[in-house]
Amino acid sequence: MRMKFLPQTAAPPCGDAGLYVDIVGEGRGLLFDLGYAPRLPTRLLRRAQAVFVTHTHLDHFVSAAQFIRLSITRGEPLHLWGPPGFIGNVDGLFRAFTWNVSEDYPLAVTAHEYDGAWVRSADFSARDRFVLSNRRRRKAGRALIEDPSLTLRAAVLDHGTPVLAYRLDEKTHININKDALQRLGYSPGGWIQNLKEAVLSGVRSSTPVETPLGPRPFGRLREELVILTEGQSIGYVVDFAATRENLSRAAALLKGVHLLYIETSFEASEARRARERNHLTTTQAGRLARRCGAKKVIPLHLSPKYLGQEKRLYEEVQAAFEGKKDNETNIR
Ligand SMILES: [Zn+2]
Ligand SMILES: [Zn+2]
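Residues numbered from 1 in each chain as written. Chains lettered and ligands numbered in written order. Predicted model: local features only at pLDDT ≥ 70, side-chain atom pairs only at ≥ 80, totals over all residues.

Q: Just give me the short version of the packing of helix H10 (residues 282-292) against helix H11 (residues 310-321), but keep the residues and values in it.
A: Taken N-terminus to C-terminus, the directions of H10 and H11 make an angle of 40°; their axes are 7 Å apart at the nearest point. Considering how the two elements wind past one another, H10 and H11 form a crossing that is right-handed. Contacts between H10 and H11 involve Thr282, Thr283, Ala285, Gly286, Arg287, Ala289 and Arg290 on the former and, on the latter, Leu313, Glu316, Val317, Gln318, Ala319, Ala320 and Phe321. Of the residues in the contact of H10 with H11, the class split is seven nonpolar, four polar and three charged. (Axes fitted to C-alpha atoms, helices over the stretch in contact; angles between N-to-C directions. Helix = DSSP H or I, 4+ residues; strand = E, 2+ residues; numbered from the N terminus. Left-handed = near helix turned anticlockwise from the far one by under 90°. Contact = placed C-beta atoms within 7 Å. Nonpolar A, V, L, I, M, F, W, Y, C, P; charged D, E, K, R; others polar.)

Right, here's the structure in full:
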């Protein structure tokens, strides 16, 4: 399979949560969280055109200032996303520094916060010494970002504070079978674009589509000529408790995701502690991945006390993912 997304975790399993996803062939990447990221070289961080912060606990936002420093010469706009209150966090970050010698830098940052219904945004630019300006809000659509290559969606979960869970999808590719085109006597032309648009908009099978051989029912053309290739999808979900509400919201967002990065703070036997700390156990993480129908689960953000025992915790996640421990209930 041709890979569009190249993901790279920011830190070892017992380190801070964080993920960089390179968008292959487009010279850009997306970053998830701004904790301590020893695995991410400067070269990759500078390619990030947007950062999706889950929440601003220290271990998810501690490198924000360093990231702004690396991006200060960036000519393209930089977008920072986070949960309710995030614009205040970004404003506080900028107010922590003195900017009187930075006015010639090109960096322009837009901070966005998402509460499940609304997106609130504000701008900060080096030219204006990063003073907050242009506050606005809009009703959120289906996705936070939708461009020709990808879609980025989020859900709000509870971790004692709102946390955003994220899902990144590559757009489905619509290709035309050139051999079939030739064999059936169709000549290429503008009508192919109309056919692709009909696939995207999901028209009825009986709807006629104009071809060089006259009108043909859409369903027949789709069957004869169209090849659909499903895109890659990645879920990134960290720092939340296994409450019924959180699990249903996460499962709805992450349904059928290919690659699921999920926090696994505690071992299976520490369910009570995980609940108190608003985190997941290995079993809860594996079971959620199973419920979503994820193809692969990658645990991260293990408590540092498990350093050297990562393999054992990974095995617990995998066992639950494969359905080997279905007799426990850790839902409060
Ligand atoms: Zn946290
Ligand atoms: Zn954390």
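Text resumes after the structure shown.
Q: So, the sheet that holds strand E17 (residues 259-263): which residues are in play, and what are the values?
A: Hydrogen bonding along the main chain pairs the strands of a sheet, whether they run parallel or antiparallel. Pairing in this open sheet of six strands is mixed, and the strands run E9-E10-E11-E16-E17-E18 from one edge to the other. Looking at strand neighbours, the two that pair on one side only are strand E9 (145-146) and strand E18 (296-300), the edges of this open sheet. Here four bridges tie strand E11 (residues 162-170) to strand E16 (residues 233-237), and the two strands are oriented antiparallel to one another. In the strand pairing of E16, leucine 168 is matched with isoleucine 234. Packing against the sheet, H10 makes contact with E17 and E18, and its axis sits at approximately 150° to E17. (Pairing = 2+ DSSP bridges.)

Q: Just give me the short version of the environment of valine 237, but keep the residues and values in it.
A: With respect to the helices and strands, the residue valine 237 is situated in strand E16. Of the residues examined, valine 237 has 30 C-beta atoms within 10 Å and is grouped as buried. (Buried ≥ 20, exposed ≤ 12 C-beta atoms within 10 Å, placed from the backbone.)

Q: An account of the domain arrangement of the chain is needed here, citing residue identities and associated values.
A: Each assigned domain of the chain is listed with its residue range as follows: domain 1 (1-143), domain 2 (173-229) and domain 3 (240-332). Inter-centroid distance (C-alpha atoms) of domain 1 to domain 2 is 41 Å. (Domains from an automatic or database assignment.)

Q: Explain the sheet that holds strand E5 (residues 78-82) to me, using residue names and the numbers behind them.
A: Ordered by their spatial adjacency, eight strands build an open sheet running E1-E2-E3-E4-E5-E6-E7-E8, and the pairing between neighbours is mixed. Edge positions in the sheet fall to strand E1 (5-9) and strand E8 (133-139), since each of these pairs with one other strand and no more. Averaged over all adjacent pairs, the angle separating strand axes in this sheet is 20°, with direction ignored. Of the strand pairs in this sheet, E5 and strand E6 (residues 108-114) are connected by five bridges, and their pairing is parallel. Residue pairing across strands places histidine 79 opposite threonine 110, the latter belonging to E6.

Q: Residue-level account of H11, with values.
A: Given a rise of 1.5 Å per residue, 12 residues ought to cover 16 Å, and the 16 Å separating the end C-alpha atoms of H11 matches this to within 8%. Residues of H11 that are buried: Leu313, Glu316, Val317, Ala320 and Phe321. Mapping the buried residues of H11 onto a view down its axis gives an arc of 135°, with all of them on the same face. Away from its buried face, by an angle of more than 90 degrees, H11 presents the exposed residues Lys311, Arg312 and Glu315. Close packing links the buried residues of H11 with H10 and E18. Backbone geometry just after H11 places glycine 323 at a positive phi near 85°. (Expected span 1.5 Å × (residues − 1). Arc of directions from axis to C-beta.)

Q: Explain the nonpolar core residue by residue, including any values.
A: Core analysis: the biggest nonpolar cluster contains 77 residues, and Ala165, Ala250, Leu260 and Ala289 have the highest contact counts within it. The element contributing the most residues to this core is E11, with five residues. Counting the residues that make up this core, at least three belong to each of domain 1 (1-143) and domain 3 (240-332). Ignoring any residue separated from it by four or fewer positions in sequence, one finds alanine 289 in contact with Leu260, Ile262, Ala294, Val297 and Phe321. (Core = buried A, V, L, I, M, F, W, Y, C linked by C-beta atoms within 7 Å.)

Q: Hey, could you go over H10 for me, with residue numbers and the actual values?
A: For H10, the tally of buried residues reaches nine of 11 residues, placing the bulk of the element in the interior. Of the residues making up H10, those classed as buried are Thr282, Thr283, Gln284, Ala285, Gly286, Arg287, Leu288, Ala289 and Cys292. Immediately downstream of H10, the backbone of glycine 293 shows phi near 75°, a positive value.

Q: Requested: an account of unusual backbone geometry, with residues and values cited.
A: The residue aspartate 33 is not glycine, and still its phi comes out positive at about 75°. Structurally, the position occupied by aspartate 33 is in the loop between strand E3 (28-32) and helix H1 (42-45). Backbone geometry at asparagine 134 places phi at a positive 55°, although glycine is not the residue there. With respect to the helices and strands, the residue asparagine 134 is situated in strand E8. For asparagine 134, a count of 10 C-beta atoms within 10 Å puts it in the exposed group.

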